[in-house]
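Listed below are the residues making up each chain.
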Amino acid sequence: MQKVVLHSIGCRTNQEELETMRMALCAEGFALVDDVASADIAIVNSCAVTAKTEQATHKMLAALKKNNAHLRIAFTGCMATLHENAPSPLAHVNWLIPNKNKNEIAKILKGDHSFQKNLESDSPALALVSGVMPLSQSDRTRWAIKIQEGCNNRCSYCIVPQLRGPSKSATHSDVVAAVHSAAQAGYKEIVLTGTHIGDYHTATIPDLAALVKEILAEPYDFRLRLSSLDPQELTDEIIDLIGTHPRMCAHVHVCIQHAHAEVLARMNRTGISSSALHKLLIAIRQKYPHVNIGADCIVGFCGETPQEFDYLCSFVKSVGFGYGHVFRYSVRPGTESQEMVDDVPASVSTLRSEKLREIFAETRLRFIASQALSRQVVIVEKGTEVVGLTANFLRVIVPVGSAQRNDSLDVILTDRCDDKGRIIGTVTKDVRQNGEML
């Protein structure tokens, strides 16, 4: 029996895809291990969204081979797709498997080439995981369902549409079946994920809000979380569900990328104006103060002036985001921005990213303070030290005697954090273990 170790780098979708691979590998008779030294094969699910990510991936490949000279490496994901037709192979890689063949990776490793029969098919429906990993075999308490793949947008800096293709939505029946399986397996949180989930639609489900309402109507005890959305996808229906539905996670992650109108125009992100987005986010913050709003931002984009960057900083401070992810711009091959004047020095981009991260850290502390004394349900992710996540995406450590993974704890939040940035919570008398009141 061949032993396989799994690694992922990059976006959350990549991480969730590992679960699909994990199940397929088990079904094909592979043994999954955590230790590289004992593995026969390593699967690396890669990302190509930034040059920094590519550099980190090359280092990872070298480190894997250094730790196990006999290791064979299967390289898949977006960076594999980018290099699919490259004249020379990547160092240390034995299998180069682009995204279009990722779902067949277990068969490829076994030498079963039947997958090649399906390479020409271009079905509009995306196949979801046929089953769900039993809770006892998973290290997760949240189960992610990929409802969508690809993107039709053409942001000037982004290579993702080239690597994951046009937007494709999973069938309604597949999504519902996956929800049933995850809920019946005992997962207490389900996450809808994909490249661009705000574009979800089918012949019978017109948009994401309609899908969310159907899922929330299912008679199971789970909470539902959405992965990232573009600003124009923050419809009134979605906002109201996030802010008011008792089983909907009070959390929204918005890919704003920038706030200055001229930068957004150069990025070809014209779905909603900066002023309209600011007004919308402030309205959410005022109407639903318990909702955690996160953001993605890019600094140092082609021609970004000090004034444009300062505007972005003011925007972030004003909204009061609960957290943020900051990326330094790097040119990607084949994108529109490759032809633009890239006149922001790397040293300036580095300083700007550091400053914006500091601002996000300040706004995070403000949001944490606003949630002090609120009562939250924490789903325990590990029990050696009792750590878990609230519905509004706050990581909490609870100083109780013991708890098991997947326990639900009713917790009162403090305004204090430990040295790892986790909020310290205190347990109320109402403690639920695996759905049962103690």
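Going along each chain's sequence as written, the residues are numbered from 1 onward. The model is predicted, so local features are restricted to residues of pLDDT at least 70 and side-chain atom pairs to those at 80 or more, both for listing and for counting; the totals for chains, interfaces and linings are taken over all residues. Heavy atoms from the whole structure form the basis of all side-chain values; hydrogens and water molecules are not counted.

With respect to the overall build of the protein chain
Right, so step 1: Counting secondary structure elements, the protein chain contains twelve helices and 18 strands.
Right, so step 2: Each principal axis of the C-alpha distribution contributes one length, and for the protein chain these read about 60 × 55 × 45 Å.
Right, so step 3: Counting over 438 residues, the protein chain shows a buried share of 52%.
Right, so step 4: A separation of at least 24 residues holds for 72% of the contacts in the protein chain among residues at least 6 apart in sequence.
Right, so step 5: With the model as given, the accessible surface of the protein chain reaches about 19800 Å², and the carbon-plus-sulfur share is 52%.
Right, so step 6: We score Asp and Glu as negative and Lys and Arg as positive, and we do not count His or the chain ends. In this description, the location of a charge corresponds to atom NZ of lysine, CZ of arginine, CG of aspartate or CD of glutamate. For the protein chain, the distance from the average position of its 46 positive side-chain charges to the average position of its 48 negative side-chain charges is 4 Å. Strands are runs of DSSP state E lasting at least 2 residues, helices are runs of H or I lasting at least 4, and numbering of each runs from the N terminus. Exposure is judged per residue with a 1.4 Å probe applied to protein chains only, and the accessible area is read against the type maximum: over 50% gives exposed, under 20% gives buried, and values in between give partly exposed. Whether two residues are in contact is decided by their heavy atoms, any of which lying within 4.5 Å being enough. Every accessible area reported is derived by Shrake-Rupley at a probe size of 1.4 Å, with residue values counting cover from the shown protein chains alone.

What about the sheet that holds strand β12 (residues 323-328)?
Sheets are built from strands paired through backbone hydrogen bonds, the pairs being either parallel or antiparallel.
Right, so step 1: Any two strands between which DSSP finds at least two bridges are classified as paired. As summarised here, the arrangement of the three strands in space is β10-β11-β12, forming an open sheet in which the pairing is parallel. Of all the strands in the sheet, the pair left with one neighbour each is β10 (251-257) and β12. For this sheet, the mean angle separating the axes of adjacent strands, direction not counted, is 15°.
Right, so step 2: Bridge analysis of β10 against strand β11 (residues 292-299) gives six bridges, and the strand direction is parallel. In the sheet register, V252 faces β11, and the bridge partner there is I293. In this description, a line fitted to the C-alpha atoms serves as the axis of each element, helices being fitted only across the stretch in contact, and the angle between N-to-C directions of two axes falls anywhere from 0 to 180 degrees.

Topic: the pairing of strand β13 (residues 375-382)
Right, so step 1: Pairing analysis gives five bridges linking β13 to strand β16 (residues 408-417), with the strands arranged antiparallel. From the neighbouring strand, Q376 faces β16, where its bridge partner is V411.
Right, so step 2: Pairing between β13 and strand β14 (residues 387-389): three bridges, direction antiparallel. For V380, the partnering residue across the bridge sits in β14 and is G388.

Concerning the confidence of the model for the protein chain
Right, so step 1: The predictor rates its confidence in each residue with pLDDT, a number between 0 and 100. On average, the protein chain scores 89 in pLDDT, and the residues at 70 or more come to 92%.
Right, so step 2: Across residues 115-125, where pLDDT falls below 50, the model places nine contacts with residues more than four positions away in sequence or in other chains.
Right, so step 3: This stretch, residues 433-438, has a pLDDT under 50; its non-local contacts, to residues over four places away or in other chains, come to 14 contacts.

Brief notes about the environment of A42
Right, so step 1: Turning to its location among the elements, A42 is positioned in strand β3 (residues 41-46).
Right, so step 2: The exposure class of A42 is buried, given its relative accessible area of 0%.
Right, so step 3: For the pair A42 and A74, spaced 32 residues apart in sequence, the C-alpha to C-alpha distance is 6.1 Å.

Re the packing of helix α6 (residues 172-185) against helix α7 (residues 208-216)
Right, so step 1: The geometry of α6 relative to α7 is characterised by a closest axis approach of 11 Å and an angle of 35° between their N-to-C directions. Judged by the sense of rotation from one axis to the other, the crossing of α6 with α7 is right-handed. Across the interface between the two elements, H172, V175 and V179 of α6 pack against L211, E214 and I215 of α7. Rotating anticlockwise by less than a right angle from the far helix to the near helix defines a left-handed crossing, while the corresponding clockwise rotation defines a right-handed one.

Quick word on the packing of α7 against helix α8 (residues 236-244)
Right, so step 1: Relative to each other, α7 and α8 sit at 30°, their axes nearing to 9 Å. By the criterion of interaxial angle, the relationship of α7 to α8 is roughly parallel. The handedness of the crossing between α7 and α8 is left-handed. Here L208, A209, V212, K213 and L216 of α7 come into contact with α8, specifically with E237, I238 and L241. When an angle is under 35 degrees it counts as roughly parallel; over 145 it counts as roughly antiparallel; between 65 and 115 it counts as roughly perpendicular; any other value is oblique.

Notes on the packing of aromatic side chains
Right, so step 1: Note on ring pairs: Phe, Tyr and Trp rings are taken, using the six-membered ring of Trp, and paired if centres are within 6.5 Å. Classes follow the plane angle, with under 30 degrees stacked, over 60 edge-to-face and the rest tilted. With the rule as written, the count across this model stands at five aromatic pairs.
Right, so step 2: The interplanar angle of 45° and the centroid separation of 5.3 Å between the aromatic rings of W143 and Y187 together place this pair among those described as tilted. Of the two residues, W143 sits in strand β6 (residues 142-149) while Y187 sits in the loop between α6 and β8 (189-194), which places them 44 residues apart along the sequence.
Right, so step 3: Under the relative-accessibility criterion, W143 is labelled buried at 3%.
Right, so step 4: Residue class for Y187 comes out buried when judged on its relative accessible area of 1%.
Right, so step 5: Ring plane angle 80° and centroid distance 4.9 Å describe the contact between F301 and Y329, whose orientation is recorded as edge-to-face. With a gap of 28 residues between them, F301 in the loop between β11 and α11 (306-319) and Y329 in the loop between β12 and α12 (346-370) connect regions that are remote in the sequence. Residue F301 shares its accessibility class with Y329, and that shared class is buried.
Right, so step 6: Three or more aromatic residues joined by ring pairs make a cluster, and in this case those are Y157, F301 and Y329.

Comments concerning the side chain of R422
Right, so step 1: Turning to its location among the elements, R422 is positioned in the loop between β16 and β17 (423-433).
Right, so step 2: Take R422: its relative accessible area is 9%, and that puts it in the buried class.

Thoughts on the pattern of salt bridges
Right, so step 1: What makes a salt bridge here is a side-chain nitrogen of Lys or Arg within 4 Å of a carboxyl oxygen of Asp or Glu, nothing more. All chains considered together, the criterion is met by 20 salt bridges.
Right, so step 2: The partner of E17 in a salt bridge is K102, and the shortest N-O contact between them spans 2.6 Å. Of this pair, E17 sits in helix α1 (residues 12-27) while K102 sits in the loop between β5 (95-97) and α4 (105-110), and the two are 85 residues apart along the sequence.
Right, so step 3: Judged by relative accessible area, which is 6%, E17 ranks as buried.
Right, so step 4: Salt-bridge contacts for E28 lead to K110; the nearest nitrogen and oxygen are separated by 3.3 Å.

What about the sheet that holds strand β7 (residues 168-169)?
Right, so step 1: Taken together, four strands build an open sheet; the order of strands is β7-β6-β8-β9 and the sheet is mixed. Only two strands of the sheet have a single partner each, and these edge strands are β7 and β9 (223-226).
Right, so step 2: Two strands pair when backbone bridges link them, and β8 and β9 are joined in this way by four bridges, in the parallel orientation. By the bridge assignment, L192 is partnered in β9 with L226.
Right, so step 3: Contacts from α6 reach β6 and β8, with the element oriented near 175° to β6.

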